[in-house]
Amino acid sequence: MEARVASISGSDEHHQPYFFLSYARTPRISDKDPDPNLWVTKFYRALCQEIMQISRLPAGVSPGFMDQELRVGAAWNERLAKELASCRVFVPLYSPRYFGSEPCGKEWAAFDLRRKRHMGQGPDLPEVMVPAFWVPVRPAELPEMAHPIQFHDPALGTHYQERGVYGLIKINRYRDHYKSVVDALARRIVDLAENVRLPPGKPCDFSSLKSAFVPDRGRRFQIVVLAPTRDTLPPHRSQRQYGAVATDWNPYYPQCDQPIASLAADIVRDLGFEPELWSYAEQGEDLLKQDGPASPGVVLLDPWVVLMPGYQAALSYLRRSSHPWVGLVIPWHEDDEQLAAATDQIRAGLHALAPTRIERGRLLAREAAKGTLAFGQFAPALRQVVFTVSRPYLRDTPAFPPRPEPGDAPPRRRDRLTWQPPENPGERDDGSA
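Residues numbered from 1 in each chain as written. Predicted model: local features only at pLDDT ≥ 70, side-chain atom pairs only at ≥ 80, totals over all residues. Heavy atoms only, no water.

Trainee: Describe in detail the overall build of the chain, supporting the description with residues and values.
Mentor: Helix and strand counts for the chain stand at 13 helices and 10 strands. Out of the 433 residues belonging to the chain, those deemed buried represent 52%. Within the chain, residue pairs in contact and separated by at least 24 positions form 76% of the contacts whose partners lie at least 6 positions apart. (Helix = DSSP H or I, 4+ residues; strand = E, 2+ residues; numbered from the N terminus. Buried < 20%, exposed > 50% of the residue type's maximum accessible area, 1.4 Å probe, protein only. Contact = heavy atoms within 4.5 Å.)

Trainee: Requested: an account of the packing of aromatic side chains, with residues and values cited.
Mentor: Inspection of every chain in the model, using the stated rule, returns 20 aromatic pairs. Joined through ring pairs, the aromatic side chains of Phe 20, Phe 65, Trp 76, Phe 90, Tyr 94, Tyr 98, Phe 99, Trp 108, Phe 111, Phe 133, Tyr 160 and Phe 213 make up one cluster. The positively charged end of Arg 237 is found above the aromatic ring belonging to Trp 304, 4.4 Å away from the centroid. (Phe/Tyr/Trp six-rings, centres within 6.5 Å; stacked < 30°, edge-to-face > 60°. Lys NZ or Arg CZ within 6 Å of the ring centre and 35° of its normal.)

Trainee: Explain the packing of helix α1 (residues 38–54) against helix α5 (residues 175–195) to me, and be specific about the residues and the numbers.
Mentor: Relative placement of two packed helices is described by the angle separating their axes and the distance separating the axes. Running from amino to carboxyl end, α1 crosses α5 at an angle of 60°, the nearest separation of the two axes being 9 Å. It follows from the interaxial angle that α1 and α5 lie oblique. The chirality of how α1 crosses α5 is right-handed. The residues of α5 that touch α1, namely those facing Lys 42, Phe 43, Ala 46, Leu 47, Glu 50, Ile 51 and Ile 54, are Tyr 178, Val 182, Asp 183, Leu 185, Ala 186, Arg 187, Ile 189 and Val 190. For the contact of α1 with α5, a count of residues per class yields 11 nonpolar, no polar and 4 charged. (Axes fitted to C-alpha atoms, helices over the stretch in contact; angles between N-to-C directions. Parallel < 35°, antiparallel > 145°, perpendicular 65-115°, else oblique. Left-handed = near helix turned anticlockwise from the far one by under 90°. Nonpolar A, V, L, I, M, F, W, Y, C, P; charged D, E, K, R; others polar.)

Trainee: Run through the sheet that holds strand β6 (residues 132–133), naming residues and quoting values.
Mentor: Taken in spatial order, the 4 strands line up as β3-β2-β5-β6 in an open sheet, and their pairing is parallel. On the outer flanks of this sheet lie β3 (64–65) and β6, each paired with one strand and no other. Taken together, the 2 bridges between strand β5 (residues 89–94) and β6 define a ladder with parallel strand orientation. Residue pairing across strands places Leu 93 opposite Ala 132, the latter belonging to β6. Most of the contacts of α5 go to β5, to which it runs at about 150°, and overall it touches β2 (19–22), β5 and β6. (Pairing = 2+ DSSP bridges.)

Trainee: Go over the nonpolar core with me, naming the residues and quoting the values.
Mentor: Counting 66 residues, the largest nonpolar core has Phe 19, Leu 21, Phe 43, Tyr 94, Trp 108 and Ile 189 as the members making the most contacts within it. Every element with two or more residues in this core is listed here: β2, α1, α2 (74–86), β5, α3 (102–117), β6, α4 (157–169) and α5. By residue number, the principal contributor to this core is α5, which donates 10 residues. Not counting the four nearest positions on each side in its chain, Trp 108 is found in contact with Phe 90, Pro 92, Tyr 94, Tyr 98, Met 129, Met 145, Ala 146, Ile 149, Ala 212 and Phe 213. In this structure, Ile 223, Ala 261, Leu 328 and Leu 382 belong to the second largest nonpolar core, which totals 51 residues. (Core = buried A, V, L, I, M, F, W, Y, C linked by side-chain atoms within 4.5 Å.)

Trainee: An account of the pattern of salt bridges is needed here, citing residue identities and associated values.
Mentor: Tallying each qualifying case throughout the model produces 10 salt bridges. A salt bridge links Asp 112 to Arg 115, with the nearest nitrogen and oxygen atoms 2.5 Å apart. Taken together, the positions of Asp 112 and Arg 115, both in helix α3 and 3 residues apart, correspond to about one turn of that helix. The pair Asp 112 / Arg 115 is uniform in exposure class, with both members buried. Through salt bridges with shared partners, a single ionic network connects Glu 127, Arg 188 and Asp 191. (Salt bridge = Lys/Arg side-chain N within 4 Å of Asp/Glu carboxyl O.)

Trainee: I'd love a proper account of the environment of Met 308, names of residues and values included.
Mentor: Relative to the helices and strands, Met 308 resides in the loop between β9 (297–301) and α8 (312–320). When its relative accessible area of 7% is taken as the criterion, Met 308 is described as buried. Those residues in contact with Met 308 that sit more than four places away from it in its chain are Pro 228, Thr 232, Leu 233 and Pro 234.

Trainee: Describe α5, and please don't skip the residues or the numbers.
Mentor: Here α5 spans 30 Å end to end across 21 residues, near enough to the 30 Å set by a 1.5 Å rise per residue. Contacts made by the buried residues of α5 are with β2, α1, β5, β6 and α4. Positive backbone phi, at 55°, marks Arg 197, one or two positions downstream of α5. (Expected span 1.5 Å × (residues − 1).)

Trainee: Explain the side chain of Ser 55 to me, using residue names and the numbers behind them.
Mentor: Within the secondary structure, Ser 55 is located in the loop between α1 and β3. Among the polar contacts listed, one links the side chain of Ser 55 to the backbone oxygen of Ile 51, at a separation of 2.7 Å. Each residue touching Ser 55, except ones within four places of it in the same chain, is listed here: Tyr 18, Val 190 and Glu 194. (Polar contact = N/O pair within 3.5 Å; in protein donor to acceptor, adjacent residues only side chain to side chain.)

Trainee: Can you lay out the sheet that holds strand β10 (residues 326–329) for me, pointing to particular residues and giving the numbers?
Mentor: Strand order in this open sheet of 4 strands is β8-β7-β9-β10, and the pairing throughout is parallel. Unpaired on one side and paired on the other, β8 (274–279) and β10 mark the two borders of the sheet. Direction aside, the axes of adjacent strands within the sheet are offset by 20° on average.

Trainee: Give me the confidence of the model for the chain: which residues, what numbers.
Mentor: Caution applies to low-pLDDT regions: their predicted coordinates should not be interpreted in detail. Across the chain, the average pLDDT comes to 79, with 77% of residues at 70 or higher. Long-range and interchain partners of residues 1–13, a stretch whose pLDDT sits below 50, account for 55 contacts in this model, where long-range means more than four residues apart. Low pLDDT (under 50) marks residues 396–432, which in the prediction has 51 contacts with non-local residues, meaning those over four places away or in another chain. (pLDDT = per-residue confidence, 0-100.)

Shown next, in the form of structure tokens:
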């Protein structure tokens, strides 16, 4: 584990720092070289000074938290946990080194756990992360959980996108661009810190946390989309909800601006799983195979496919599947006039597809068959399905870990879910919605 360093911020017991700066330390090439992390310290101090200018923070408190002096051990872990439990905004400095750092992954995990505990009843988590590119990172190099955590502001400018903060701070001719970046980041931090007001939480056991950047293959969750593409639709069906691949399907367009698979992935990720997105052609039969899938999952079904001859084999395969760890969710936009006109035919097709699940399943499953699983119902319905189908999988499915090598530690017991859905005693746990 790389060495971490102590705080330069002095805050009293009741003060919530506006931000926590999370960064990966750059090692010296030799002991004679100057500390390469002095640039981060300079950036941190500039942020603090700008925040003091535009906020009402009193004298004697620091706007942020950053580590500076080398310290390791249990006491330092407790200090990190305390600051992560009280800061209002988390500011990760993106770089290739950042996403390979175990301490940075633990800092992210601790703060992310706290904001998830305060997510309330809505589908969205509090927007209290403000990432900054210390060094540009290509989208393909970002871990999955970092993709939705973005900050875009015209004031950042193209030079920032091309060079990152580090590329601006050390070259004099980019001084004005650097000042614009500091100003934009400071204003965003102050806006979130003063308006979102994420409550402080209980400090976690930082030393036992797992890095958020290390995928947990035991927490995989497959999201399989059974929907047409724009090119396979019948001539009379509108193309506005479809794209080049099945996972582009957006049944709630224009009310929602992202594909249903991406929306589902965000919800699944918020519940502590690692989502994997597939079209039915890629992974559907594997998810529904007789001996069970490699992970729990859900099929997002476009109700229009029950009217399309080319999908009858897939629907038949889905009809024969009875795994309790595979759920079925049928989104239906109430403003889709073509679906409304074909409601009777589609309803009959859905009943033929999964009569047990639809007639005796959860209330939202029955409503979906009637064509009323609207946009506002999707997120709570999917959360219930994820919990329902994961519970029997994590409880009953035997795990087959890789053959241990000499010296390997004993395998860990499979983790169980900690999130609980609202109780509804009138509904069955059959994984449909």
